[in-house]
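# Examination of the molecular architecture
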Protein chains: 2
Amino acid sequence: MKQETNIPYKIYLSENEMPRNWYNVRADMKEKPAPLLDPTTGAPMGFDDLKAVFCDELVRQELDNDTREIPIPQAIRDFYKMYRPSPLVRAYCLEEALQTPAKIYYKFEGNNTSGSHKLNSAIAQAYYAKQQGLTGVTTETGAGQWGTALSMACAYLGLDCKVYMVKCSYEQKPFRREVMRTYGASVTPSPSMDTVVGRKILAEHPGTAGSLGCAISEAVEAASSDPGYRYVLGSVLNQVMLHQSIIGLEAKAALDKYGITPDIIIGCAGGGSNLGGLIAPFMGEKLRGERDYRIIAVEPASCPSFTRGRFAYDFCDTGMVCPLAKMYTLGSSFIPSTSHSGGLRYHGMNSVLSQLYHDGYMEAISVEQTKVFEAAEYFARTEGILPAPESSHAIRAAIDEAMHCKETGEGKTIVFGLTGTGYFDMAAYEKFHNGEMHDFIPSDEELEKSFARLPNLP
Amino acid sequence: MKQETNIPYKIYLSENEMPRNWYNVRADMKEKPAPLLDPTTGAPMGFDDLKAVFCDELVRQELDNDTREIPIPQAIRDFYKMYRPSPLVRAYCLEEALQTPAKIYYKFEGNNTSGSHKLNSAIAQAYYAKQQGLTGVTTETGAGQWGTALSMACAYLGLDCKVYMVKCSYEQKPFRREVMRTYGASVTPSPSMDTVVGRKILAEHPGTAGSLGCAISEAVEAASSDPGYRYVLGSVLNQVMLHQSIIGLEAKAALDKYGITPDIIIGCAGGGSNLGGLIAPFMGEKLRGERDYRIIAVEPASCPSFTRGRFAYDFCDTGMVCPLAKMYTLGSSFIPSTSHSGGLRYHGMNSVLSQLYHDGYMEAISVEQTKVFEAAEYFARTEGILPAPESSHAIRAAIDEAMHCKETGEGKTIVFGLTGTGYFDMAAYEKFHNGEMHDFIPSDEELEKSFARLPNLP
């Protein structure tokens, strides 16, 4: 193995080097993300409009476009120490297997029981709910990563946790469901008959496999109907991007420690939580004109919000009860086909990332799931880690960029986010091995039909 | 969280601090472990007798009772860097939850895709097979941890890998099986109709759930029938203890770095791989009279080889084709009831550990599986990590010792081995949550019946 003597295989920060503040990229944006709008009046939403759904402190973070550094409370930093800092790994074995002159690094967020980066925001959201004296929280989960993370955080703090799990994941991932139950959460397949919106969706789409959008609607309704509960969300929101900035801050600190400057930064993109977190401090430098990077979002071809969506105001949920956000969207009525990357099956994209993409600060590509699983297996066999299908979108793009370097002879430095492990995705791997996996690409007609139902707003 | 300012939450060694040699505890034993005996002649076995089954270099390690430090080849050290050093974690949250004055540390070996410590020996054994120019290796696996680890190591080195998986685990853990297939291994449920010994066992015990002993017999037969293959084993053997000493060496280096001296060291015990590895350097100090420690082996009440077994020569496998080893054993004809700790369902115990236990250097206790799962869930909710059932035996004992400290007011320092994660054990957790888990304790009559079939040797 051709290890460079001055750079460790895995770069770990010491506890003292761990970030003490989250970084709010909005503070450095000239074009701020558009505000959330009230779905009934169309008026911008403020603190008072959102506090019934979200915890007070999280509403403040959601609306704060100006404060650059937001201190991480000590209790959250203590929890972070249970599984952070996460390693920044030099993919020496992958480079050797590819015979590429590129230098590949990945920030590995799978080294905790939730198996993904989701815990970074879960503990923050649970902490603020606890601080506010609430009984519990409700949420949705797609692949189950967010629900697992939230149930862990709630178990730790002694909060009640109600999870609406996208039906196809609930069925594909029974063990993921059991992990949540181990941590004391209640788990309901969505759409369910428990909520008004669930019953409505089931009536319109009987037998639907569900979507993140549906599950969000149900969880919001469940929270709204009990004053001791608030709704929490694992992606899409600005507050989540803020908490996830810990990924990018640690990655940047680790790179800086060894004088490494990346050329390309790659993240998989569903609602944007990992992507937004990973790229935050690099994007900050780019926005401030201090340094330039190529930043690439990778999304599934089955749910291509950046690459084929519209930049428009849309409902965050399928049930059209949540606020309207301006974002790249496939339309809240778009229901993606069943893919094995449940965590990336969201019709929209975080507003901050949408604005940055719109303003040309980043690129986006979409990839098909069979190609993603090819990359996943290749990575597992060379780097040893069994990646989550979601994360493998970034692996696919990183391998493709590294192979491009091989053609051109350029020794570029690539950093990608390895958001989690695939322990609970073996049914998908089995399909892939048996040649039973298919690619799903929505037709133009399907998208046009969905776009036609976008709300009529600026 | 009451963190001591001078001790990090997790102690990571730097790459430079990682051990360069394995430690062979046999070199410090006054009473050496008894030699392996030929099952047909009863004569001690030497290099020439073993090389048909094991790789040459591994036979040398197996027989070497004298060399204290054995260099770890560079290629293995490179592989170790993919997932090592593993963290030594201070269980601050567990201590706080228990309200104990005890200080609890655990060496966490689950941070790799195999999910356990087994990879430490898998890569070593695969490496020596590759060095010898072999085509592949055969093995057995119980819980699936060893098979997963071996298939990872073989994928990395480009070796063929044939795994015989204990039937009850094969059925309880389909996803574990798929992980092995992802890494390119072939997986056969044992007992199978593929081997002479498998057919014999099935004829005698139709419908058996299998055991590690059965699976070993089959894998040995499969290796013996092809000159390009050798058999490798994930536990029980002295060579495995040697490779696993990396666990204890790292743990001790981490403790020494912060001037911490443990009072009690606890490991779960199946065939002895984790236990032997964790305790090795501490036992070395004890054997050399430099320092004293309480060392506790924890085994399942359903398979209590230390606490209820005989110290005698016995077959290592159910099929009675393997060499005879002097060890604590329940008899090779003992078939443990189906428990959820597949990795601890072995009738015997490594010879070195057996000798050390016989000579009074360590203690042993047995625990029932419902108590183990209680501890596992408690640990998951406080420390965040979802532990494997095997590892949770050590957690149970560590919690019990910590609670004893609470009674006496002693602030003892406890170190235990957290060998792996329970991601693939959710079916067992589900049974536990549903109150469907039972404890199985073999009757005296059952054991006597098995002891009666022990070979008649000194």
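Placed above this text is the structure.
The rules we used
- Residues numbered from 1 in each chain as written.
- Chains lettered and ligands numbered in written order.
- Predicted model: local features only at pLDDT ≥ 70, side-chain atom pairs only at ≥ 80, totals over all residues.
- Heavy atoms only, no water.
- Helix = DSSP H or I, 4+ residues; strand = E, 2+ residues; numbered from the N terminus.
- Rg over C-alpha atoms; globule rule 2.2 N^0.38 Å.
- Buried < 20%, exposed > 50% of the residue type's maximum accessible area, 1.4 Å probe, protein only.
- Contact = heavy atoms within 4.5 Å.
- Areas by Shrake-Rupley, 256 points an atom, 1.4 Å probe, with all protein chains shown as cover.
- Buried area = accessible area lost by both parts, 1.4 Å probe.
- Polar contact = N/O pair within 3.5 Å; in protein donor to acceptor, adjacent residues only side chain to side chain.
- Pairing = 2+ DSSP bridges.
- Axes fitted to C-alpha atoms, helices over the stretch in contact; angles between N-to-C directions.
- Least-squares fit on C-alpha atoms with pLDDT ≥ 70 in both.

Okay, the overall build of chain A next. In terms of helices and strands, chain A carries 18 helices and 15 strands. Its C-alpha radius of gyration of 20 Å places chain A within 12% of the 23 Å reference for a compact globule of 458 residues. The C-alpha extent of chain A, read off along each of the three principal axes, is 60 × 50 × 45 Å. Residue burial in chain A is summarised as follows: out of 458 residues, 68% are buried. The long-range share in chain A, meaning contacts at least 24 apart out of those at least 6 apart in sequence, stands at 77%. In the form shown here, chain A has an accessible surface area of approximately 14,400 Å², with 48% of it arising from carbon and sulfur atoms.

Now for the interface of chain B and chain A. Between chain B and chain A, the contact holds 43 residues from the first and 43 residues from the second. Summed over both sides, the interface of chain B with chain A buries roughly 4,000 Å², with 58% coming from carbon and sulfur. Considering only the side of chain B, the residues that lose the most area to chain A are Phe175, Thr182 and Tyr423 of chain B, jointly responsible for 19% of the buried surface there. At the boundary of chain B with chain A, the tally comes to 17 residue pairs in polar contact (both at pLDDT 80 or more). Every element with two or more residues in the side of chain B that touches chain A is listed here: α6 (145–157), α8 (174–182), α15 (369–383) and α17 (426–433) of chain B. For the side of chain B that touches chain A, the leading source of residues is α8 of chain B, giving six residues.

Moving on, we get to the sheet that holds strand β8 (residues 186–190) of chain A. Hydrogen bonds along the backbone pair up the strands of a sheet, which may run parallel or antiparallel. Residue and element names in this part refer to chain A. Across the sheet, four strands lie side by side as β8-β7-β6-β9; this open sheet has parallel pairing. Only two strands of the sheet have a single partner each, and these edge strands are β8 and β9 (229–231). Shown here is a sheet whose adjacent strand axes are inclined to one another by a mean of 25°, direction ignored. Two strands pair when backbone bridges link them, and strand β6 (residues 136–141) and strand β7 (residues 160–166) are joined in this way by six bridges, in the parallel orientation. Bridge pairing in β7 places Glu140 opposite Tyr164.

Moving on, we get to the relation of the copies chain B and chain A. The relation between the two copies of this chain is a rotation about an axis and a shift parallel to it. Expressed as a screw operation, the relation of chain B to chain A combines 0.0 Å of axial shift with a rotation of 180°, fitting to an RMSD of 0.0 Å. On the angle and the small slide along the axis, the relation comes out as a two-fold axis. Comparing interface residues between copies, 100% of those in chain B also lie at the interface in chain A; the contact surface is shared.

A negative phi angle is the norm for most residues apart from glycine, just as the trans form is the norm for most peptide bonds. A cis amide bond links Arg84 of chain A with the next residue in sequence, Pro85 of chain A, at an omega value of -5°. On the secondary structure map, Pro85 of chain A appears in the loop between α3 (74–80) and β4 (88–90). Cis geometry is adopted by the peptide bond preceding Pro191 of chain A, which originates at Ser190 of chain A and carries an omega value of 5°. Tracing the backbone through its elements, the reader meets Pro191 of chain A in the loop between β8 and α9 (196–204). Unlike most non-glycine residues, Gln99 of chain B shows phi in positive territory, near 55°. Inspection of the secondary structure assignment puts Gln99 of chain B in the loop between α4 (92–98) and β5 (103–108). Phi angles above zero are rare outside glycine, and Val236 of chain B is one such case at about 70°. Within the secondary structure layout, Val236 of chain B lies in the loop between β9 (229–231) and α11 (238–257).

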